[in-house]
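Descriptive structure summary
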Amino acid sequence: MPRLTAAQRHPVHFMLNGHPAHLEAEPRLLATDALRHSIGLTGTHVGCEHGVCGACTIQIDGVPARACLTLAIQLEGCEVRTVEGLAPAPDRLSVLQDAFRRHHALHCGFCTAGILMSVDAFLKAAPDPDEAQVRDVVGGHLCRCTGYTAIVAAVLDAAAILRGSDAHV
Ligand code: FES
Ligand code: FES
């Protein structure tokens, strides 16, 4: 990236996937570009860049947010979570990620990170959703590959597992 002048630089401090993060950002820098290019976490995807497709969804203070509509300087002091923060360990998937894997709920995967971030937050607020609720949440994301059926099945399966049910067996 081109070097910023002192007048253009704004320090931004936040927590990123549980770790302190810091960058110097122009006021116009988008959170997507900060995450992907300044920090190097490319799991957050960029599709439409105007809030429609959902590919760029991250969590800010636990709430799903379109990173393409968020300025990097708005992350100051926030708890930010990206798809890189979902897995509990480098060699383990989260329950939700594993349900997507088992149900073949992704094809090209371009939409997947954003959907995972929305659904992860949704299941914390609504641990026992019905299919209509799940369709409502994933309907905020554009997926051109799957037809959504496998995504809905994966989310319902993950919810059941997280509730301690054996519905996934
Ligand atoms: S890239 Fe942000 S909603 Fe499409
Ligand atoms: S898996 Fe390709 S866009 Fe959703």
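Starting afresh in each chain, residues are numbered from 1 along the sequence in its written order. For naming, the first written chain is A and the first written ligand is 1, with later ones following in the order written. This being a predicted model, a pLDDT of at least 70 is required before a residue's local features are given, and a value of 80 or more before pairs of side-chain atoms are given or counted; all residues contribute to the totals for chains, interfaces and linings.

**Quick look at the nonpolar core**
One nonpolar core equals one set of buried Ala, Val, Leu, Ile, Met, Phe, Trp, Tyr and Cys residues connected by C-beta atoms within 7 Å. Neighbour density around each residue's C-beta defines its exposure: 20 or more other C-beta atoms within 10 Å make it buried, 12 or fewer make it exposed, and counts between make it partly exposed, where C-beta atoms are placed from the backbone. Formed by 45 residues in total, the largest nonpolar core has its most connected members in Ala72, Val119, Ile151 and Val155. Among the elements of the structure, strand S1 (10-16), helix H1 (31-39), helix H2 (95-102), helix H3 (112-125), helix H4 (131-138) and helix H5 (149-162) are those that each provide at least two residues to this core. Domains are outlined according to an automatic or database domain assignment. Two domains share this core, each providing at least three of its residues, namely domain 1 (10-82) and domain 2 (95-162). The contact criterion used here is simple: two residues whose C-beta atoms, placed from the backbone, lie within 7 Å are in contact. Each residue touching valine 155, except ones within four places of it in the same chain, is listed here: Val119, Val134 and Val138. Elements are defined by DSSP. Helices are runs of H or I of four residues or more, strands are runs of E of two residues or more, and each kind is numbered from the N terminus.

**Some details on the sheet that holds strand S3 (residues 57-60)**
When DSSP finds two or more bridges between two strands, those strands count as paired. The five strands are arranged S2-S1-S5-S3-S4 in an open sheet whose pairing can be described as mixed. Two strands in the sheet have a free side with no partner beyond their single neighbour: strand S2 (19-25) and strand S4 (63-66). Direction aside, the axes of adjacent strands within the sheet are offset by 40° on average. Inspection of the sheet shows S3 paired to strand S5 (residues 79-81) by two bridges, in the antiparallel sense. Considered in S5, the bridge of isoleucine 60 is made with valine 80. Angles run from 0 to 180 degrees between N-to-C directions of axes, and those axes are lines fitted to C-alpha atoms, restricted for helices to the stretch in contact. Sitting on the sheet, H3 touches S3 and S4, and the angle it makes with S3 is about 35°.

**Let's talk about H1**
For an α-helix, the turn length of 3.6 residues means that residues three or four places apart are oriented alike. Those residues of H1 not exposed but buried are Ala31, Thr32, Ala34 and Leu35. Taken together, the buried residues of H1 touch S2. One or two residues past the end of H1 sits glycine 40, with phi positive at roughly 95°.

**Brief notes about the domain arrangement of the protein**
For the protein, the assigned domains are domain 1 (10-82) and domain 2 (95-162). Spacing between the C-alpha centres of domain 1 and domain 2 amounts to 22 Å. Each partner contributes residues to the interface: domain 1 has 14 residues there, and domain 2 has eleven residues. Residue assignment for the side of domain 1 that touches domain 2 shows that the elements contributing at least two residues are S3 and S4. Of the residues forming the side of domain 1 that touches domain 2, the biggest block, three residues, is contributed by S3. Under the grouping applied here, Gly and all other residues not named as nonpolar or charged are polar, the nonpolar ones being Ala, Val, Leu, Ile, Met, Phe, Trp, Tyr, Cys and Pro and the charged ones Asp, Glu, Lys and Arg. Among the residues making up the side of domain 1 that touches domain 2, the classes are represented as six nonpolar, eight polar and no charged.

**Comments concerning the pairing of S4**
Where S3 and S4 come together, four bridges link them in antiparallel fashion. Paired with isoleucine 58 across the strands is alanine 65, a residue of S4. Turn length for the S3-S4 hairpin, with the two strands adjacent in sequence and antiparallel, is two residues, and the turn residue aspartate 61 shows positive phi of about 50°.

**Structural notes on H4**
By the burial criterion, the buried members of H4 are Val134, Val137 and Val138. Axial view of H4: buried residues confined to an arc of 90°, hence all on one face. Every exposed residue of H4 that faces more than 90 degrees away from the buried side is listed here: Ala132 and Asp136. Against the buried residues of H4 lie H3 and H5. Arc definition: directions from the helix axis to the C-beta atoms.

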